[in-house]
Amino acid sequence: MSPDFVRYSPEIETIDPDIEELTAQIIEFWEKTVRESPTREGTGHAVRGAHAKTLGVVKADLEILGDVPAPYAQGIYAKPGRHGALIRFSSANNHLGPDAQLGPVLGFAIKIFEVDGTKLVEDEPDSTTFDLVLKNNPTFVASTARHYLVLQEVGNDSIKYLARGKAGFRDLLTDLLTGKGTFEQSDWAWEEVFAFVKAAQTPVRNPLLSTYWTMAALRHGDFVAKVRVAPAADSAAHAMHGELDVTSGPDVFGPALAEELQARAFDFDLQVQLCTDLEAMPVDDAMVEWPEKLSPYVTVGRVHLPRQDISRPENLEKGDALAFNQWRVTADHRPLGEIMQVRRIYSTSAKVRRALNHQSQTEPTSVDEVLSQ
C-alpha cells in the first residue's frame, strides 16, 4: 500500500440532491428514444439509444496478470487467471448511418465471463458477467445530470443541426451552452461545449489502433482509478490499416476491423491509473483528464482477440441482444461520480430495446452461448 494513492471512501463523491428527479427525466428520454428508434432509424428494429451502430462483436479472452504491484492488484485483478470475453466495437453516435456522418468517436465494451461476486445492477445481482464500457476519448462530455440531459437531447438531434451547415453548428453549440435557453447564465455549460468540440475532433483511427478509456472514475478496491485498454505495441506494428478514409464508403470502420481480425490475432493492454490528487484528478468532474505525470497507467491484464471471422451477418445479430452496463461490476469496482450515477439507467433502455425486439432479458453465461465459431 502506498500513501501516495487516494483511498476510497463514500465521501469523495458529491451527488446532486435532485438526482432522483433528474434521473426520472433521463429515463423518460431514453425510453422514448428507444421506442421511436424502429421508425426513426428506418429499420423496423429497436436500436440502442447510444452506440446504435455496431461495428463488430469479437470473441476474446482476458488474462489477468501476476506480479502486479499490490495497489493495482485489487478486486478482480487480484487473482491471476483467464476469463472468456466478448467485445462490442461500435460508433458512439445515437443513430445509424454512414461512418462519415456518425463521426470518429468509437466504443469498446467488453463483457468478461465467470467473474464471481455480487454485481451492482439491481435486478441482476447474481450475474457472472462483468462489464467495462469504454470510448476512444479520455473524458466524458458532461459531469452533472442536469447537463447530461441537455447534452443527450441536443446530441440526439446533432445530424439535423449539422445538416444546416455552419448556422446549424452554431445553433447546436448555443443550445448546448444555454440548455436550450433553460439555464441561468451562471450555469451555462461552457466546459461541456469545450468537451463536445474536443470529442468531435477525435482522430479517425482503425478501431484496433485506438485507445479506449472509462472516462469517469471507478473504485479500485482500496483506491480510486480510471481504466483504459491500449493496443499492444507488437500487435499495432502489424496492423494493415494505418489510416482510414471514412468518406470512401458508408461503412469503413467495421470492414477494416473484420479484415484485420481475419488476417491475424490482436492484443490490447488493460491498464489502471490510480488517483493521487483529488484536485488535479477529480472524481466528480468527468471532463478532466487525469495527468499521467501524476500517476501513470499500469498494465494489469492482456485482452487477446484471436484470429476470427466477424463479417458474417449473424455476428451482428447475436451481438444485438447484448447489453453492457457500467454498473455490472462488483462493489470493489463501483462507478464513481454523478455522471456514472446517471449512467446506471442504461439497463432500463436495454430492457425496452430487448422487449421490442423479442430478445432474452438475461445475461449470457459464456462466449459460446453468443458466438460459436
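The rules behind each value
- Residues numbered from 1 in each chain as written.
- Predicted model: local features only at pLDDT ≥ 70, side-chain atom pairs only at ≥ 80, totals over all residues.
- Heavy atoms only, no water.
- Salt bridge = Lys/Arg side-chain N within 4 Å of Asp/Glu carboxyl O.
- Helix = DSSP H or I, 4+ residues; strand = E, 2+ residues; numbered from the N terminus.
- Buried < 20%, exposed > 50% of the residue type's maximum accessible area, 1.4 Å probe, protein only.
- Polar contact = N/O pair within 3.5 Å; in protein donor to acceptor, adjacent residues only side chain to side chain.
- Contact = heavy atoms within 4.5 Å.

Q: Mind showing me how you'd approach the pattern of salt bridges here?
A: It is possible for side chains of opposite charge to pair when their charged atoms get near one another. Inspection of the entire model under this criterion finds 23 salt bridges. Among the salt bridges present, the one from Glu36 reaches Lys32, with a minimum N-O distance of 2.8 Å. Highlighted residues: Glu36 and Lys32, both in helix α1 (residues 19-40), separated by 4 residues, approximately one helical turn. In this structure Glu36 comes out as partly exposed when scored by relative accessible area, which is 36%. A salt bridge links Glu363 to Arg328, with the nearest nitrogen and oxygen atoms 3.5 Å apart. With Glu363 in the loop between α11 (346-356) and α12 (367-370) and Arg328 in the loop between α9 (313-320) and α10 (338-342), the pair connects residues that are 35 residues apart, well separated along the chain. Take Glu363 and Arg328: they sit in the same class, and that class is buried. Residues joined by salt bridges that share partners form a network here, namely Lys111, Glu124, Asp131, Arg328, Arg354 and Glu363.

Q: Help me out: how do you make sense of the side chain of Asp267 in this one?
A: Within the fold, Asp267 resides in strand β8 (residues 266-274). Residue classification places Asp267 among the buried residues on the basis of a relative accessible area of 13%. At a separation of 3.3 Å, a polar atom in the side chain of Asp267 contacts the side chain of Arg302. A distance of 2.6 Å separates the side chain of Asp267 from the side chain of His304, its partner in a polar contact. The residues contacting Asp267, other than those within four sequence positions of it, are Pro231, Ala232, Ser235, Arg302, Val303, His304 and Leu305.

Q: How should I be thinking about unusual backbone geometry in this particular structure?
A: Most peptide bonds adopt trans geometry, and most residues besides glycine take a negative phi value. Backbone geometry places His51, a non-glycine residue, at a positive phi of 55°. Inspection of the secondary structure puts His51 in the loop between α1 and β1 (54-64). Residue classification places His51 among the buried positions, given a relative accessible area of 12%. The residue Glu114 is not glycine, and still its phi comes out positive at about 60°. Structurally, Glu114 is set in the loop between β3 (106-112) and β4 (130-135). Given the relative accessible area of 58%, Glu114 is considered exposed.

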